[in-house]
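What follows is the residue order along each chain.
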Amino acid sequence: MLHLEWIDYLIMVIYFVFVLGIGWVLKKHMKTAGAFLEAGRSMPAWVAGLAFISTNLGALEVMGMTGSGMKYGMLTTHFYWIGAIPAMIFLALFMMPFYYGSKARSVPEFLKLRYDEKTRGLNAILFAIMTILASGISMYALALLMNSVLGWDFNVSLWVSAIIVLVYTYLGGLSSAIYNEVLQFFIIVIGLLPLVILALMEVGGWSGLKEHLAPIVEAKGYASDAYLTTWKYTGNMKGNPLGVEWFGILFGLGFVMSFGYWCTNFLIVQRAMAAESKAAAIKVPLIGALPKMFIPFLIIVPGIAAIWLSSIHPDAFKILGLDSAHPRYDYTIIALLQYYLPTGLLGLGITALLASFMSGMAGNVSAFNTVWTYDIYQSYIRPVTKDKEGDDKHYLTVGKITTIAGVLLSIAAAYIAGKFGNIMDFLQTIFAMINAPLFAVIFLGMFWKRTTGHAAFVGLLAGFFVALLHHGLTIPFGSDTMFKGGWISNMMGIENIYVYPVEMAQNFWTAIFAFTTAVSLTVGLSFVTKQQKSDAELTGLVYSLTPRVKVHVDEWYNRPVVLAVIVGVIMIGLSIIFW
Amino acid sequence: MGLDIRIPIGLMFTIFGVLITLFGIFTNSNADMYKKSLDINMNIWMGISMLVFGLFMLLLVKLAKKNTK
């Protein structure tokens, strides 16, 4: 267990004061629904850009990625380089102009403008459920962590952290969430920075790491540098610790999963939609991509160093339970904090974890808020009336109440996750399956004007069912629970169609099947159904029907294409260096 | 939206920097405490870095104000 001193608590308290203070300062600007739910579309590109990646850098992400560093080594960087950067560049250059230009206030609303009501409704409802689930699961994980590591009471940790998030999102809406995400970004980076510095010093830099890891890695049956390379051993899935071959990584992760996540997840896209102008919105994902590429050094590399550290100091890493059948890799970062940080910096490190949790949760709450208020409440429960001013007041109140409701629902979900953890993880896996078909539908909608609403709806739904079917009929090797797949075959008492070597390969292929189904059905049905929208209605939503406006930018370094090239070159450079 | 986020960031890290640096100086004689951070007083190092970062943020705010005037 970690022991904190007064100085550690003081750091934490100061952080909370600033977080709440930001909400307080923004309170006076929250006069309209637009200001509260869309941040008044006023964010500078760099603020929205940092919020863009910060909201993705939730506590489960930080803990999970350090754990994956220990489990899979440098191959974990695929989630940051090939698995994020191409999608972020694509989102910026090709999709943001339509998301932003359409004036849609959310991704579901874009579906309504481009297709029809039913497609929007389906997406809005699934998204709302998914956000609450995600938020609940991460709250549960955080409270559990605080309980087991710091000895804090589970209920108190859960409620106090939830209430802090509630207060600052209630006071300042999306703006408050975004500004706080920027603050959180810096504290996560600075708070965790000592870990990688000290870890690399102790192992003797990269070459020392290589040397120390070699015997451990060879003992596991891999080539001696298998944990420090990214693509080198992906020719065959048995040769690398990730257990996936290059095609699965490139197409499954790098294309289907990552484009599905980065280009359609409203939680992420909302940050770019809050930018002050179309030019700024285009830059948001590109600005976010720059620090994103270097986060692996902050959280994955210490995890890799932990492979060696835990072998020479098993006592210090006992918390991971590496000798048991189910090691808790997720706690790697905690073990490292405890191992390296003296009183003072330890408080900062724990505050960084709390900050990452809050940025993730506030992101979920603010996205849920917008989708519920605009896409569910305004469309199905109380549509707009003639009284514009009265409407705005009304929706602002609804948005504020939804913030409270969203947090309470997340707390409920957290308790359910505590009782039925497996079921919650299972549900989250299931709901994540909607991403790949959603990307197919939005992509076709933006670049092919023939795509019809009926076709999109069927494509979305069928892609989801195919994903369910695939997940229900296949299992990862060694799985002993139905929650990891094979539940259909189990219920029907038949053999599983395929056994994947690892769970990740199964996930990649689930996404690939869902995506392919959605594309082929949407394309096929678009030919046989009638386009309900006229060309005029589709202007600004479809590439070929939107007049190209040349945005004049003076500084060369501010041009999106230049930024995109810089981002792309750095990503390729990193991939080659760590090949 | 009426808030320059660099102000709170700058203030917070300046405060953190001062606190952690001072704490590092006062505990400098405690060799046991810094054994885990490889016998380096990381509090002083990180404290000074945070102080510099915080002040830099505040400087940017000041320069931006000057430019708009």
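Residues numbered from 1 in each chain as written. Chains lettered and ligands numbered in written order. Predicted model: local features only at pLDDT ≥ 70, side-chain atom pairs only at ≥ 80, totals over all residues.

1. Regarding the overall build of chain B
Okay, step 1: A count of helical and extended segments in chain B gives two helices and zero strands.
Okay, step 2: Computed over the C-alpha atoms, the radius of gyration of chain B is 16 Å, more than 25% above the 11 Å expected from 2.2 N^0.38 for a compact globule of 69 residues.
Okay, step 3: Taken along the three principal axes of its C-alpha coordinates, chain B extends 50 × 20 × 20 Å.
Okay, step 4: The 69 residues of chain B split such that 33% are buried. (Helix = DSSP H or I, 4+ residues; strand = E, 2+ residues; numbered from the N terminus. Rg over C-alpha atoms; globule rule 2.2 N^0.38 Å. Buried ≥ 20, exposed ≤ 12 C-beta atoms within 10 Å, placed from the backbone.)

2. Regarding the overall build of chain A
Okay, step 1: When helices and strands are counted, chain A shows 23 helices and two strands.
Okay, step 2: In terms of overall size, chain A behaves like a compact globule, its C-alpha atoms giving a radius of gyration of 23 Å where 579 residues would be expected to give roughly 25 Å.
Okay, step 3: Expressed along its principal axes, the backbone C-alpha trace of chain A runs to roughly 70 × 55 × 55 Å.
Okay, step 4: Expressed as a percentage of its 579 residues, the buried residues of chain A come to 56%.

3. Looking at the domain arrangement of chain A
Residues and elements named next belong to chain A.
Okay, step 1: Entries for chain A in the domain assignment read domain 1 (6–305 + 336–381 + 390–429) and domain 2 (433–547).
Okay, step 2: Computed from C-alpha coordinates alone, the two centres of domain 1 and domain 2 are separated by 24 Å.
Okay, step 3: Taken together, the contact pairs 32 residues of domain 1 with 27 residues of domain 2.
Okay, step 4: Sorting the residues of the side of domain 1 that touches domain 2 by element identifies α5 (85–101), α6 (107–114), α7 (117–150), α10 (246–264) and α17 (421–432) as the ones contributing at least two each.
Okay, step 5: In terms of residue count, the dominant contributor to the side of domain 1 that touches domain 2 is α10 (11 residues).
Okay, step 6: Per-class residue counts for the side of domain 1 that touches domain 2 are 17 nonpolar, 11 polar and four charged. (Domains from an automatic or database assignment. Contact = placed C-beta atoms within 7 Å. Nonpolar A, V, L, I, M, F, W, Y, C, P; charged D, E, K, R; others polar.)

4. Overview of the nonpolar core
Residues and elements named next belong to chain A.
Okay, step 1: With 223 residues, the main nonpolar core has A48, I178 and A514 as its most contacted residues.
Okay, step 2: Per-element tally for this core: the top contributor is helix α8 (residues 154–203), with 24 residues.
Okay, step 3: Shared between two domains, this core takes at least three residues from each, and those domains are domain 1 (6–305 + 336–381 + 390–429) and domain 2 (433–547).
Okay, step 4: In this structure A48 touches M43, I178, R271, A272, A274, A275 and V284, once residues within four positions along its chain are discounted. (Core = buried A, V, L, I, M, F, W, Y, C linked by C-beta atoms within 7 Å.)

5. Comments concerning the interface of chain A and chain B
Interface extent is often summarised as the accessible area lost during association of the parts.
Okay, step 1: On the side of chain B, 22 residues touch chain A, which itself brings 32 residues to the contact.
Okay, step 2: Those elements giving two or more residues to the side of chain A that touches chain B turn out to be α1 (6–26), α8, α14 (332–340) and α15 (345–381) of chain A.
Okay, step 3: Here the side of chain A that touches chain B takes 10 residues from α8 of chain A, the largest share from any one element.
Okay, step 4: Within the side of chain A that touches chain B, the residues separate by chemical class into 24 nonpolar, seven polar and one charged.

6. Brief notes about the environment of A177 of chain A
All names here are of chain A.
Okay, step 1: Take A177: it is sitting in helix α8.
Okay, step 2: Note on A177: 33 C-beta atoms within 10 Å, which makes it buried.
Okay, step 3: Sequence separation between A177 and L298 is 121 residues, and the spatial gap between their C-alpha atoms is 23 Å.
Okay, step 4: Setting aside chain neighbours within four positions, we find A177 in contact with T169, A362, G363 and S366.

7. Notes on helix α4 (residues 59–72) of chain A
Residue and element names in this part refer to chain A.
Okay, step 1: End to end, α4 covers 19 Å across 14 residues, agreeing with the expected 20 Å (1.5 Å per residue, within 8%).
Okay, step 2: Most of α4 sits inside the fold, with 12 of its 14 residues counted as buried.
Okay, step 3: Turning to α4, its buried residues number three or more, namely A59, V62, M63, G64, M65, T66, G67, S68, G69, M70, K71 and Y72.
Okay, step 4: Tucked inside the fold, the buried residues of α4 contact α7, α13 (295–312), α14 and α15.
Okay, step 5: G73 sits one or two residues past α4 and shows a positive phi near 70°. (Expected span 1.5 Å × (residues − 1).)

8. Looking at the packing of helix α3 (residues 45–54) of chain A against α8 of chain A
All names here are of chain A.
Okay, step 1: In contact at an axis separation of 8 Å, α3 and α8 are set at 70° when each is read in the N-to-C sense. If you check the angle between α3 and α8, you find them roughly perpendicular. Within the contact between the two elements, α3 uses V47, A48, L50, A51 and S54 and α8 uses I178, E181, V182, Q184 and F185.
Okay, step 2: Looking at the contact of α3 with α8, its residues break down into seven nonpolar, two polar and one charged. (Axes fitted to C-alpha atoms, helices over the stretch in contact; angles between N-to-C directions. Parallel < 35°, antiparallel > 145°, perpendicular 65-115°, else oblique.)

9. As for unusual backbone geometry
Okay, step 1: At R41 of chain A, a residue that is not glycine, the phi angle is positive and equals roughly 45°.
Okay, step 2: With respect to the helices and strands, the residue R41 of chain A is situated in the loop between α2 (33–38) and α3.
Okay, step 3: Its identity as a non-glycine residue notwithstanding, D39 of chain B has a phi of 60°, on the positive side.
Okay, step 4: Secondary-structure assignment places D39 of chain B in the loop between α1 (6–26) and α2 (42–68).

10. Observations regarding the environment of L198 of chain A
Okay, step 1: Here L198 of chain A is to be found in helix α8.
Okay, step 2: Residues L198 of chain A and L309 of chain A, 111 residues apart in the sequence, show an inter-C-alpha distance of 12 Å.
Okay, step 3: Not counting the four nearest positions on each side in its chain, L198 of chain A is found in contact with Y340 of chain A together with S37 and L38 of chain B.

11. Focus on α8 of chain A
Okay, step 1: Taking 1.5 Å per residue as the helical rise, α8 of chain A with its 50 residues ought to reach 74 Å, whereas the 36 Å between its terminal C-alpha atoms falls clearly short.
Okay, step 2: When the local axis directions of α8 of chain A are compared, the greatest deviation, roughly 125°, occurs at G173 of chain A. (Bend = angle between axes of the 7 residues up to and from the residue.)

12. Quick look at the packing of α8 of chain A against α15 of chain A
Residue and element names in this part refer to chain A.
Okay, step 1: It is at 6 Å that the axes of α8 and α15 come closest, and there the two elements cross at 140°. Considering their axes alone, α8 and α15 lie oblique with respect to each other. Viewed along their axes, α8 and α15 form a crossing whose handedness is left-handed.
Okay, step 2: Considering only residue class, the contact of α8 with α15 consists of 18 nonpolar, 11 polar and one charged. (Left-handed = near helix turned anticlockwise from the far one by under 90°.)

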